Amino acid sequence: MALLSPTLIETGDLSITGSSGTRQDRLFHAIRDKIVANLWPMGGRLPSTRKLAEELSLSRNTVTAAYEQLVAEGYIESRLGSGFYICVDLPDHYLPTQSSRDDSRPPAIAQALDLNAPFAPGVPDLAAFPAAKWQSLLQRHAGRQSLMGNQDLQGLAVLRQALSDYLASSRSVHCDPSRIIITAGAQQALSLALLATLNRGDRILMEQPGYTQMRKIIDWQGYQLQTLNIQPYQGLDVNSVLTSESEALYLTPSNQYPMGTTLNTEQRLKLIEWAIAGKRWIIEDDYDSEFQFAHRPYTSLQGLAGQMGCDDRILYVGSFSKVMFNSLRLGYLVVPSSLVSRCLMIKDALTGDTQAHTQAALADFIQEGDLLRHIRKMRRLYKDKHRLMLDAISRFFGDQVEVLSQPAGLHITLRWQGGIGEDDWAQQAEAAGIVLRPLSYYEPAAHPTRDWQGAVLGFGNVATDAIDTLIARLAALFHHQPERSTSSESA
Ligand SMILES: Cc1ncc(COP(=O)(O)O)c(C=O)c1O
């Protein structure tokens, strides 16, 4: 029986242009990419080293070395006296197909793709950030040798000093630099706060709906999550905390995330009293305190407790993700003096010190007044965007949806009854390239106690003149109607 002769691989479109890596590397990657994309089939025979060298104007040694590397990594095999053959058979599920690519995306990756799409919550206006100033500050510090070695685990002293001045004046936070720990965003601050105060199995109260990233740490660390229902407009029922025996409470008192309520001073004082009397911990995430549009923000719980000389049960968490930009990944934790060394021990074990050059640039950004200037400018801009959002929502939805959240922060929370489900609407929006966060995203399980639907729209990074068009698009999906012309509607 005659054997079928193997497919001879056509290498006509093989390209090794580009400047990175040696020619051998580039050839290796070019061939490997063809195999992995299944463009060159299993069993196919590659041209001889001499022929390929001629075709690509390479030395024969270069081609031989690239082939040897492909053999070593198992992409091709060498058959004595016969040549080189592709020996990778990719499973079907590995092959990208146009139709399956989006549907089969795992949720985590789907989320990553959506991170900066229109209405993605928590993204500030990136175009309005003073990038040139930031670049000059980074440059100022980039070559400093003293910042290149190991650094203070707690964060650069100069940044902690600048931050303590800023927090004292803007949030009445009661601290000095020795109680501040610089972290990789609020996320690391929250991890440290939990690890420093709780033991596995301890109970922690948390708002529901609430900050999903916090819930992840609670679940992963094996603490007992006890949820506190957040009612539209009323927010947290403080009495339900006062009767609780939980070891800790995590909350977002300035602008409850995502329901957009706030706690007044009387409620804050009751919570402080609860913590002190029962020797419990409060983790205060002062999220969005900088962006209140209707009134001045309330004094932080930590600051109130400090004024009364009893802030030793409160851990205060903040972040630069919203007031500057997300990828900066800098935040802070202000802790009672008794917890500093424990927090540092944990930080040391988890990550070691924090990137120093950005800390130095940030210290200057704060000290030279740029942070406050930027926050003031952004408060005006977000206030305008918030007004435009309300206006567009009212025009395109009429009374079919209701805005629950207070005028603050970078997002708006909607509620409606009947009609499209929140998850369906979110899916349709995603297909249209818009992020609409269903409220279920912020809840540990399905929402058994809700008889209404809700969704969150982040407007921080949406251009002012795009708001109308995007809201019109969402309204069209909401009503299951073909997209309407926005020009006539917005007139
Ligand atoms: C409630 C809350 N806290 C903190 C943060 C900031 O987190 P990070 O500093 O890790 O970006 C966010 C971001 O969206 C948030 O929603």
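Residues numbered from 1 in each chain as written. Predicted model: local features only at pLDDT ≥ 70, side-chain atom pairs only at ≥ 80, totals over all residues. Heavy atoms only, no water.

A. Region of the structure containing the overall build of the protein chain. When helices and strands are tallied, the protein chain shows 18 helices and 14 strands. Dimensions along the principal axes, computed over C-alpha positions, put the protein chain at roughly 90 × 60 × 45 Å. The 491 residues of the protein chain split such that 50% are buried. The contacts of the protein chain with a sequence gap of at least 6 include a subset with a gap of at least 24, amounting to 71%. When the accessible surface of the protein chain is totalled, it reaches about 22,900 Å², and 51% of it is carbon and sulfur. The averaged location of the 52 negative side-chain charges in the protein chain is 5 Å from the averaged location of its 45 positive side-chain charges. (Helix = DSSP H or I, 4+ residues; strand = E, 2+ residues; numbered from the N terminus. Buried < 20%, exposed > 50% of the residue type's maximum accessible area, 1.4 Å probe, protein only. Contact = heavy atoms within 4.5 Å. Areas by Shrake-Rupley, 256 points an atom, 1.4 Å probe, with all protein chains shown as cover. Lys, Arg positive; Asp, Glu negative; His and termini not counted. Charge placed at Lys NZ, Arg CZ, Asp CG, Glu CD.)

B. Quick look at the sheet that holds strand E13 (residues 437-438). With antiparallel pairing, the four strands of this open sheet are ordered in space as E11-E12-E14-E13. What marks the edges here is a single partner per strand, and that holds for strand E11 (402-403) and E13. Sheet topology places E13 next to strand E14 (residues 453-458); two bridges connect them, and they run antiparallel. Counterpart to Arg-437 in the pairing with E14 is Val-456. Across the sheet, helix H15 (residues 370-397) is in contact with E11, strand E12 (411-416) and E14; its angle to E12 comes to roughly 20 degrees. (Pairing = 2+ DSSP bridges. Axes fitted to C-alpha atoms, helices over the stretch in contact; angles between N-to-C directions.)

C. Here's a closer look at the layout of surface pockets. Reported here for the largest pocket is a volume of approximately 790 Å³. Lining the largest pocket are 37 residues, and of these Gly-122, Tyr-211, Gln-213, Lys-322 and Asn-326 lie nearest its centre. Those elements that place two or more of their residues in the lining of the largest pocket are helix H5 (107-114), helix H7 (157-171), helix H8 (185-197), helix H9 (212-221) and strand E9 (314-319). The greatest single-element share of the lining of the largest pocket, amounting to four residues, is contributed by E9. Its residues assigned to classes, the lining of the largest pocket shows 16 nonpolar, twelve polar and nine charged. Residue-level mapping places the lining of the largest pocket at the junction of two domains, with at least three residues from each of domain 2 (113-125 + 373-489) and domain 3 (131-368). (1 Å grid on protein atoms, 1.4 Å probe; cavity = no way out; pocket = protein on both sides within 12 Å on 5 of 7 lines; lining within 4 Å. Points joined across faces, edges and corners; volume = space filled by probe spheres on them. Nonpolar A, V, L, I, M, F, W, Y, C, P; charged D, E, K, R; others polar. Domains from an automatic or database assignment.)

D. Representation of the site of the ligand in the model. Taken together, 13 residues sit near the ligand, with Ala-186, Asp-285, Ser-319, Ser-321 and Arg-329 positioned nearest. Within the contact set of the ligand, an oxygen atom lies 3.0 Å away from a backbone nitrogen or oxygen of Gln-187. At 2.7 Å, a side-chain N or O of Ser-321 approaches an oxygen atom of the ligand. Burial of the ligand by the protein amounts to 91% of the accessible area it has alone, namely 400 Å². At a threshold of 2 Å from the grid points, most atoms of the ligand map onto the largest pocket. A class-by-class count of the residues in the shell around the ligand yields five nonpolar, five polar and three charged. (Near = heavy atom within 4 Å. Polar contact = N/O pair within 3.5 Å; in protein donor to acceptor, adjacent residues only side chain to side chain. Sits in = over half its atoms within 2 Å of the grid points.)

E. Quick peek at the packing of helix H1 (residues 23-36) against helix H3 (residues 60-72). Orientation of H1 relative to H3, taken along the N-to-C sense of each, is 50 degrees, at an axis distance of 9 Å. Comparing their axes, H3 and H1 come out oblique. H3 is crossed by H1, and the crossing has right-handed handedness. On H3, the residues that touch Arg-23, Gln-24, Asp-25, Leu-27, Phe-28, Ile-31 and Arg-32 of H1 are Thr-62, Val-63, Ala-65, Ala-66, Tyr-67, Gln-69 and Leu-70. Of the residues contributing to the contact of H1 with H3, the split by class is eight nonpolar, three polar and three charged. (Parallel < 35°, antiparallel > 145°, perpendicular 65-115°, else oblique. Left-handed = near helix turned anticlockwise from the far one by under 90°.)

F. Focus on helix H6 (residues 131-142). Here H6 is twelve residues long and its end C-alpha atoms lie 16 Å apart, about the 16 Å a rise of 1.5 Å per residue gives. Where H6 is buried, its residues touch helix H14 (356-367). (Expected span 1.5 Å × (residues − 1).)

G. Looking closely at the sheet that holds strand E3 (residues 180-183). If you trace the eight strands from one edge of the open sheet to the other, you get E3-E10-E9-E8-E7-E4-E5-E6, paired in mixed fashion. Both edges of this open sheet fall to E3 and strand E6 (235-236), since each of them pairs with a single strand only. Two strands pair when backbone bridges link them, and strand E8 (residues 281-285) and E9 are joined in this way by four bridges, in the parallel orientation. Opposite Ile-282, over in E9, you have Ile-314 as the bridge partner. This element, H8, spans E3, strand E4 (203-208), strand E7 (248-251), E8, E9 and strand E10 (331-334) of the sheet and lies at about 165 degrees to E9.

H. Local environment of the environment of Ile-282. Mapped onto the secondary structure, Ile-282 falls in strand E8. The exposure class assigned to Ile-282 is buried, which follows from its relative accessible area of 0%. Between the C-alpha atoms of Ile-282 and Pro-124, which are 158 residues apart in sequence, the distance is 27 Å. Filtering out sequence-adjacent residues up to four positions away, Ile-282 remains in contact with Leu-249, Leu-251, Leu-271, Ile-272, Trp-274, Ala-275, Leu-301, Arg-313, Ile-314 and Leu-315.

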